Amino acid sequence: MSNRRPRLARCALAALGWIGHDCPLCGARGGPELLCLACSTSLPALPASCPRCALPAPGGTPCGSCLADPPRFDATTALWLYEFPCDRLVQALKYRARLELASFFAQALASRPLPAVDLVVPMPLHPDRLAHRGFNQALEIARALALRTGLTLEPRGARRIRNTIPQTELPYDERSKNIRGAFAARLDFSGKAVAVVDDVMTTGATLNELAGVLKAAGAASVHNLVIARSLRR
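Residues numbered from 1 in each chain as written. Predicted model: local features only at pLDDT ≥ 70, side-chain atom pairs only at ≥ 80, totals over all residues. Heavy atoms only, no water.

Draft legend 1. Quick peek at the pattern of salt bridges. For the coordinates displayed, the defined rule picks out five salt bridges. Two residues, Asp 74 and Lys 215, come together in a salt bridge whose shortest N-O distance is 2.9 Å. One end of the pair, Asp 74, is in the loop between α3 (64-68) and β1 (75-81); the other, Lys 215, is in helix α9 (residues 205-216), and 141 residues separate them in sequence. Overall, Lys 215 belongs to the partly exposed group, its relative accessible area being 28%. (Salt bridge = Lys/Arg side-chain N within 4 Å of Asp/Glu carboxyl O. Helix = DSSP H or I, 4+ residues; strand = E, 2+ residues; numbered from the N terminus. Buried < 20%, exposed > 50% of the residue type's maximum accessible area, 1.4 Å probe, protein only.)

Draft legend 2. Just the packing of aromatic side chains, in detail. Overall, the coordinates contain three aromatic pairs when judged by the stated rule. The interplanar angle of 10° and the centroid separation of 6.1 Å between the aromatic rings of Trp 80 and Phe 104 together place this pair among those described as stacked. Taken together, the residues span a long stretch of sequence, with Trp 80 in strand β1 and Phe 104 in helix α5 (residues 100-110) at a distance of 24 residues. Here the aromatic rings of Phe 104 and Phe 105 are separated by 5.7 Å at their centres, their planes lie at 55°, and the arrangement is tilted. Each of the two residues, Phe 104 as well as Phe 105, counts as buried. The structure contains a cluster of three or more aromatic residues connected by ring pairs, namely Trp 80, Phe 104 and Phe 105. (Phe/Tyr/Trp six-rings, centres within 6.5 Å; stacked < 30°, edge-to-face > 60°.)

Draft legend 3. Seen up close, the pairing of strand β5 (residues 193-201). By the criterion of burial, β5 is predominantly enclosed, with nine of the nine residues buried. Where strand β2 (residues 119-122) and β5 come together, four bridges link them in parallel fashion. Bridge pairing links Val 121 to Val 196 in β5. Two elements, β5 and strand β6 (residues 221-229), share eight bridges in a ladder whose sense is parallel. Counterpart to Val 194 in the pairing with β6 is Val 222. Handedness of the β5-α9-β6 crossover: right-handed. (Pairing = 2+ DSSP bridges. Right-handed = clockwise from strand over helix to strand, strands pointing away.)

Draft legend 4. Focus on the nonpolar core. Leu 35, Trp 80, Leu 101, Phe 104, Phe 105, Ile 141 and Ile 227 are the most contacted members of the largest nonpolar core, which totals 34 residues. Elements supplying a minimum of two residues to this core: β1, α4 (86-96), α5, α7 (137-149), β5 and β6. Of all the elements, α5 adds the most residues to this core, at seven residues. (Core = buried A, V, L, I, M, F, W, Y, C linked by side-chain atoms within 4.5 Å.)

Draft legend 5. Fine view of α5. When we look at burial in α5, the residues that qualify are Leu 101, Ala 102, Phe 104, Phe 105, Ala 106, Ala 108 and Leu 109. Tucked into the core, α5 has its buried residues touching β1, α4, α7 and β6. (Contact = heavy atoms within 4.5 Å.)

Draft legend 6. Quick peek at the environment of Arg 133. On the secondary structure map, Arg 133 appears in helix α6 (residues 127-133). Here Arg 133 falls in the partly exposed class, since its relative accessible area comes to 21%. In this structure the C-alpha to C-alpha distance between Arg 133 and Ala 97, which are 36 residues apart in sequence, comes to 8.6 Å.

Draft legend 7. A look at α4. Along α4, the residues that are buried comprise Cys 86, Asp 87, Leu 89, Val 90, Ala 92, Leu 93 and Lys 94. Here the buried face of α4 lies against β1, α5, α6, α7, β5 and β6.

Draft legend 8. Here's a closer look at the sheet that holds β1. Taken together, four strands build an open sheet; the order of strands is β1-β6-β5-β2 and the sheet is parallel. A strand with exactly one partner marks an edge of an open sheet, and here the two such strands are β1 and β2. The average angle at which neighbouring strand axes cross in this sheet is 20°, direction not considered. Along the sheet, α4 makes contact with β1, β5 and β6, crossing β5 at roughly 105°. Most of the contacts of α7 go to β5, to which it runs at about 130°, and overall it touches β2, β5 and β6. (Axes fitted to C-alpha atoms, helices over the stretch in contact; angles between N-to-C directions.)

This is the structure:
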């Protein structure tokens, strides 16, 4: 009986949310939140940014690049800069299958003002890469976001038909060409406002290519929801 009581007490505390997680960044014992308070507040905030591409822009106004050569997507919401320690979290989900981070990212997205959209479409992976990794991190985030917000998830809205070289392995100026023709729509999106969920936005070439495919399939608008925005250097 004496051994059982601590276990029962621990279960009761867990049910109340009083037993925390080890912070995935620093290892500190935390509360019910995934990240400890210190690490949570250290995530690099995105400065005032262009509403279309999420690159820094004075006063959060549209940047000159988007005005001169508008991308095919209409807007971008990004949570943080793709810098330490945010990059560690994204990589832990993507390459170490820390799937609990998908829920953490979804919660952070849900706490921001989100666009009024009809469908949420995750950035698709090519079947070969999906088989190698075992999961699609964008789908995991999108699924958790849909559960939290009630947004309609369409996991098969688009597919990747070319297994391209990973964008991170290419110079920035070669990425648009590499991703060209990589996607195909699987649905009629006529008149739909679509949100595309992805983990990191770097040049925006991949998101731009997918937005073009969705609009060719009838989408009225495409709004990117990304965890981190990388600043081009």
